Amino acid sequence: MPRISAHISWLYADRPFLQRIDAAAASGFKAVECRFPDGVPADQFKSALVRNKVSVLGINTPQGGEGEFGLCAMPGRQDDWKKMFAQTLDFVTAVGGSAIHCLAGKVDAAQRAEAEKVFVENLKQAADLAAASNITLLIEPINQRDQPGYFLSRLEHAADIVAKAGKPNIKVQFDIYHMQIVGGDLVRRLEQYLPVIGHLQCASVPARHEPDEGEINYPAVFEAVDRLGYTGWIGAEYRPRGTTEAGLGWGRAYGLKPSN
């Protein structure tokens, strides 16, 4: 049966950040994930996890400056990336996280060849640092409709980057929402790329609401995930139609507790 984690940068957005961990636990979630929680002390984050007996999975590297969406593949920003990654690694290690999603950034078409070299080299160096704390690095293909200019949008490209980096603790974050928009054929591609997939996420397409509407048959996809032997978590990363609790009916079969 799928294990569902709460992406608390998206869910429970009507509450202060740390209270979202309390709310997730009350809704039956046993794990959380999030963007980098700027301004949240690591010790307070850890205390909220311990108090609720909840695990923390992946945390994103910071997005960077205005209009940016990560720095890992940005030519000329390698020093900034190293500082940003060190900050994230320190936080994730302190709170007991298991993964870091390395945001690649938005790259001009003319820079793509150089950006790929930068991306691979930055990931290799970061992977060696993360390995000492048994932390996995995740890279995620993100569709161009939501993030125009983002360096990584195709699953096949992400798998190639993982191969070029050649580090066992670099994996692909397979967000089913993005993968449906960029390529579809979800079950076949899950089967083909499962060895390099480190985490799954879900949301409806096209609205990015709860995974109980739209064009993806999530019960069939989740059944295939089980059949293929995936044992990790599936992150609920969507915009609730109303309150988060009211929309959790889709997850009742997976241990979640809707309010209605």
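Heads up: these notes are all about the structure in this document. (Residues numbered from 1 in each chain as written. Predicted model: local features only at pLDDT ≥ 70, side-chain atom pairs only at ≥ 80, totals over all residues. Heavy atoms only, no water.)

Quick look at the nonpolar core now. In terms of nonpolar packing, the biggest core is built from 85 residues, with F45, F119, L137 and W250 touching the most fellow members. Residues contacting F119, with those up to four places away along its chain left out, are C72, A73, A104, I139, F151, L152 and I161. (Core = buried A, V, L, I, M, F, W, Y, C linked by side-chain atoms within 4.5 Å. Buried < 20%, exposed > 50% of the residue type's maximum accessible area, 1.4 Å probe, protein only. Contact = heavy atoms within 4.5 Å.)

Here we come to the packing of helix α2 (residues 42-52) against helix α3 (residues 78-95). To characterise two packed helices, one gives the angle between the axes of the helices and the distance between these axes. Here α2 crosses α3 at 35°, and the two axes come no closer than 9 Å. Crossing of α2 over α3 shows right-handed handedness. From α2, A42, F45, K46 and L49 reach across to α3, where they touch F91, A94 and V95. (Axes fitted to C-alpha atoms, helices over the stretch in contact; angles between N-to-C directions. Helix = DSSP H or I, 4+ residues; strand = E, 2+ residues; numbered from the N terminus. Left-handed = near helix turned anticlockwise from the far one by under 90°.)

Our focus in this paragraph is the sheet that holds strand β1 (residues 3-7). Spatial strand order, β1-β2-β3-β4-β5-β6-β7-β8: 8 strands in a closed barrel with parallel pairing. Looking at each pair of strands side by side, their axes are set apart by 30° on average, direction ignored. One ladder, built from 3 bridges, connects strand β4 (residues 99-101) with strand β5 (residues 136-139); its direction is parallel. Residue I100 lies in a different strand from β5, and its bridge partner there is L137. Along the sheet, helix α5 (residues 155-165) contacts β5 and β6 (170-175); its crossing angle with β6, the most-contacted strand, is approximately 170°. (Pairing = 2+ DSSP bridges.)

So, about the pairing of strand β2 (residues 31-34). A two-sided burial pattern is seen for β2, the buried positions comprising A31 and E33 on one face and V32 and C34 on the other. Bridge analysis of β1 against β2 gives 2 bridges, and the strand direction is parallel. Looking at the pairing, A6 lines up with V32 of β2. Regarding topology, helix α1 (residues 17-26) serves as the crossover connection from β1 to the parallel β2, and that connection is right-handed. As paired strands, β2 and strand β3 (residues 55-60) are joined by 3 bridges and run parallel to one another. Within β3, the position partnered with C34 by the bridge is I59. At this point the chain moves from β2, through α2, to the parallel β3, and the crossover so formed is right-handed. (Right-handed = clockwise from strand over helix to strand, strands pointing away.)

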